[in-house]
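# Inside the fold
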Amino acid sequence: MKEQVEALLQENITLKRAVGIQHERQKESEERNQELQHLKQMVTQYQKQLRTLERKRSIGDVSSE
């Protein structure tokens, strides 16, 4: 009986550690996803700015360097 209790306690410790690791990985994944979404927004913004500058350049509003 005592051995079973000790085994269950050890298993409980292991499971708690595993849950903690999973939680940390999920948190990191969410942070990376948030950063990715931000970078995608920045790319979209820069693409829009580039198109605007190219359009202005093509009609002569911006001098060539």
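Computed from a prediction, not measured in an experiment: that's the story for all the values here.

## Describing the overall build of the chain
Per the secondary structure count, the chain includes 1 helix and 0 strands. Against the compact-globule benchmark of 11 Å for 65 residues, the chain has a radius of gyration of 27 Å, which places it well outside the compact range. Over its C-alpha atoms, taken along the principal directions, the chain stretches across nearly 90 × 15 × 10 Å. Within the span of the chain, comprising 65 residues, buried residues form 0% of the whole.

## Here we look at the environment of isoleucine 13
Structurally, isoleucine 13 can be placed in helix H1 (residues 2-58). Given the relative accessible area of 42%, isoleucine 13 is considered partly exposed. A C-alpha to C-alpha distance of 15 Å links isoleucine 13 and histidine 23, two positions 10 residues apart in sequence.

## Observations concerning H1
Across its 57 residues, H1 extends 83 Å between first and last C-alpha, which sits within 8% of the 84 Å expected from 1.5 Å per residue. Where H1 terminates, the next one or two residues include glycine 60, which has phi positive at roughly 90°.

## Some points on a negative patch on the surface
Taken together, Glu24, Glu28, Glu30 and Glu31 make up a surface patch of like negative charges. Within the secondary structure, glutamate 31 sits in helix H1.

About the thresholds
Residues numbered from 1 in each chain as written. Predicted model: local features only at pLDDT ≥ 70, side-chain atom pairs only at ≥ 80, totals over all residues. Heavy atoms only, no water. Helix = DSSP H or I, 4+ residues; strand = E, 2+ residues; numbered from the N terminus. Rg over C-alpha atoms; globule rule 2.2 N^0.38 Å. Buried < 20%, exposed > 50% of the residue type's maximum accessible area, 1.4 Å probe, protein only. Expected span 1.5 Å × (residues − 1). Patch = residues over 30% accessible without salt bridge, like charges linked within 9 Å, V, L, I, M, F, W, Y side chains within 5 Å. Areas by Shrake-Rupley, 256 points an atom, 1.4 Å probe, with all protein chains shown as cover. Salt bridge = Lys/Arg side-chain N within 4 Å of Asp/Glu carboxyl O. Lys, Arg positive; Asp, Glu negative; His and termini not counted. Charge placed at Lys NZ, Arg CZ, Asp CG, Glu CD.

Taken by themselves, the reported measurements are silent on function.
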